[in-house]
Amino acid sequence: MKRKSNTGLYLGICVIVAVIVYLLLPNKPNPWRGLRERKPEAVLHTIEGLAQGSYYRVSYFDDVTVAEAAEAVAAETEGAVEAAAAGAATETAAVEAAATTGTTGAAGVAAAEAARETALRHSIDSLLRAFDLRFSLWEDSSLLCRVNRNEDPILDAMFIDLFGKAVLASEWTDGAFDITVAPLVKAYGFAKEAVRGHRLSAGCRDSLLARVGYAKASLQGNRLVKQHPDLQLDFNAIAQGYCADLVAGFLESRGLHRYLVDIGGEMRLKGLKNDGAPWQIAIEQPADDATASRQIYHTIPLTDASIVTSGNYRKYFEENGRRFSHTISPKTGEPVRDSLLSATVICAYAWEADAMATAFMVMGLAGTQRYLEAHPDRYEVFLIYARSDGSKILPDRRFGLWTNRPE
């Protein structure tokens, strides 16, 4: 008598065991869940406008679902709540309206995303406007202008935070970065967009230097104390980077985690694009003059970081055949003359990259290299400098590129 095979029995037992194990899983996947709610590939949204007198652009991929978008919005970046509160309410209401119109599937998601984009634009504009009301030198009623006029205003959390960060950058760089250099910047004619610069006499320069020095300003509670009544603050070398961080924090609070924030060239990035590739950031080639067209010198793949470039080839004045850049040394009171043409800094926060890029331009090529040797692994830096053997006939030989970024 032929023995029956037990293969079928064994297979049946295995299937039963597999089903039991699956049912006991605490977070088992459900392949059927959300088929009608499945979202198409995220769309890249772009919001543009003006902030701090400069162009800004916010690009983001909206990965949240309609239901997630309609939930209550988390607390916003400290110090900016009042600026974006109206936008937050508008955003939630707009998304809820889009989600309850009866539209389902991809069309419903698109409607919700469009509503979010409109509301986000309002919130970002409100946030940046609130920043201007604190730090703008062009708003006579700004908190900064009132400080510079010695009106002794009460400072809020945002002002205290940015002032503290500026002092940190000054301490890190031994004063190469200094927000009190404003009197010298004005005296040289760099305070306005249209540069009408000129050299200063030794007496004038020394008189202005007496008002300069980050250690001559300090906080006492929520008020600023000056050692010299004519000391002036100017946050321009750190403000746009700080704004980029504020907007990035705002996007994070909205559940957006893939974005590129660009405030006047100061950028903060997070996440990857839909194809899994990082963002591509271009470094500008130094120009022959302020009106020359912009050309790309180098491209960097980047994500989850901030990047800022500072250069001296667009804003300058010429006198007796010599060019003087807008980069002023807080120590000598003179425009910096060095082979370094631009410094690009990569680190976690845009305010820090902004401040350090300015400081490196003050330090010059050799000084920056020494600083980076003393502080390894703190920043990734690209330095473009003028080669001594460069020639106008051979453009590719005019510039050198030094970097500590690994390939």
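A quick note: this is a predicted structure, and the numbers were derived from the prediction, not measured. (Residues numbered from 1 in each chain as written. Predicted model: local features only at pLDDT ≥ 70, side-chain atom pairs only at ≥ 80, totals over all residues. Heavy atoms only, no water.)

A. Molecular detail of unusual backbone geometry. You will see that asparagine 150, though not glycine, has its phi angle at about 60°, which is positive. Among the secondary structure elements, asparagine 150 is positioned in the loop between helix H5 (143-148) and helix H6 (157-172). The exposure class of asparagine 150 is partly exposed, given its relative accessible area of 42%. One non-glycine residue with positive phi stands out, namely aspartate 377, at about 65°. As for its placement among the helices and strands, aspartate 377 is situated in the loop between helix H10 (350-374) and strand S13 (380-386). (Helix = DSSP H or I, 4+ residues; strand = E, 2+ residues; numbered from the N terminus. Buried < 20%, exposed > 50% of the residue type's maximum accessible area, 1.4 Å probe, protein only.)

B. Summary view of the sheet that holds S13. The eight strands are arranged S1-S2-S5-S6-S9-S12-S13-S14 in an open sheet whose pairing can be described as antiparallel. Here the strands that pair on one side only, and so sit at the sheet edges, are strand S1 (44-51) and strand S14 (399-403). In this sheet, neighbouring strand axes are inclined to one another by 10° on average, regardless of whether the strands run parallel or antiparallel. By the bridge criterion, eight bridges tie S1 to strand S2 (residues 54-61) in an arrangement that is antiparallel. In the strand pairing of S2, alanine 51 is matched with serine 54. Across the sheet, helix H9 (residues 236-253) is in contact with S1, S2, strand S5 (259-263), strand S6 (266-270) and strand S9 (305-311); its angle to S5 comes to roughly 150°. (Pairing = 2+ DSSP bridges. Axes fitted to C-alpha atoms, helices over the stretch in contact; angles between N-to-C directions. Contact = heavy atoms within 4.5 Å.)

C. Structural view of the pattern of salt bridges. Taken as a whole and judged by the stated rule, the model has twelve salt bridges. Here glutamate 151 ties to arginine 149 by a salt bridge, and the two come within 2.8 Å at their closest N and O atoms. The shortest N-O distance in the salt bridge between arginine 223 and aspartate 152 comes to 3.1 Å. With arginine 223 in strand S4 (residues 223-226) and aspartate 152 in the loop between H5 and H6, the pair connects residues that are 71 residues apart, well separated along the chain. On the basis of relative accessibility, which here comes to 32%, the residue arginine 223 falls in the partly exposed class. Its relative accessible area of 42% is what places aspartate 152 among the partly exposed residues. Connected through salt bridges with shared partners, the residues Arg146, Arg149 and Glu151 form a single ionic network. (Salt bridge = Lys/Arg side-chain N within 4 Å of Asp/Glu carboxyl O.)

D. Spotlight on the packing of aromatic side chains. For the coordinates displayed, the defined rule picks out nine aromatic pairs. Seen from their ring centres, phenylalanine 159 and phenylalanine 235 are 5.6 Å apart, and the 80° between their planes marks the pair as edge-to-face. A residue pair is termed long-range when its members are at least 10 positions apart, and phenylalanine 159 in helix H6 and phenylalanine 235 in the loop between S4 and H9 qualify at 76 residues. Since its relative accessible area comes to 0%, phenylalanine 159 is described here as buried. On the numbers, 6.3 Å between centres and 80° between planes, the contact of phenylalanine 360 with tyrosine 379 is edge-to-face. (Phe/Tyr/Trp six-rings, centres within 6.5 Å; stacked < 30°, edge-to-face > 60°.)

E. Summary view of H9. Between its terminal C-alpha atoms H9 stretches 26 Å, which fits the 26 Å expected from 18 residues at 1.5 Å a residue. Burial analysis of H9 places 14 of its 18 residues in the buried class, which makes it a mostly covered element. Immediately downstream of H9, the backbone of glycine 255 shows phi near 80°, a positive value. (Expected span 1.5 Å × (residues − 1).)

F. The confidence of the model for the protein, seen in detail. Looking at the protein as a whole, its pLDDT mean stands at 79, while 69% of the residues score no less than 70. Taken as a whole, residues 70-92 scores under 50 in pLDDT and shows 44 contacts with residues more than four places along the chain or in a different chain. Segment residues 390-395: pLDDT under 50, and five contacts once partners within four positions in sequence are set aside and those in other chains are kept. (pLDDT = per-residue confidence, 0-100.)

G. The side chain of lysine 226, seen in detail. Note that lysine 226 resides in strand S4. No salt bridge is formed by the buried lysine 226, whose closest oppositely charged neighbour, aspartate 230, lies at an N-O distance of 7.5 Å. A polar atom in the side chain of lysine 226 sits 3.0 Å from the backbone oxygen of leucine 231. Contacts of lysine 226, omitting those with residues within four sequence positions, involve Val147, Asn148, Asn150, Lys216, Leu231 and Gln232. (Lys, Arg positive; Asp, Glu negative; His and termini not counted. Polar contact = N/O pair within 3.5 Å; in protein donor to acceptor, adjacent residues only side chain to side chain.)

H. Quick look at the side chain of threonine 368. Topologically, threonine 368 is positioned in helix H10. On the basis of relative accessible area, threonine 368 is assigned to the buried category, the value being 0%. Filtering out sequence-adjacent residues up to four positions away, threonine 368 remains in contact with Leu340, Phe360, Met363 and Leu383.

I. Seen up close, the nonpolar core. Ile124, Phe131, Phe159, Leu233, Phe235, Val247 and Leu251 are the most contacted members of the largest nonpolar core, which totals 49 residues. For this core, the secondary structure elements donating two or more residues are S1, S2, helix H4 (105-135), H5, H6, H9, S5 and H10. If you tally residues by element for this core, the top one is H9, at ten residues. In contact with leucine 233, not counting residues within four places along its chain, are Leu137, Leu144, Val147, Asn148, Phe159, Phe163, Ile179, Thr180, Ala182 and Leu224. Membership of the second largest hydrophobic core comes to 18 residues, among which are Leu260, Met267, Leu269 and Ile307. (Core = buried A, V, L, I, M, F, W, Y, C linked by side-chain atoms within 4.5 Å.)

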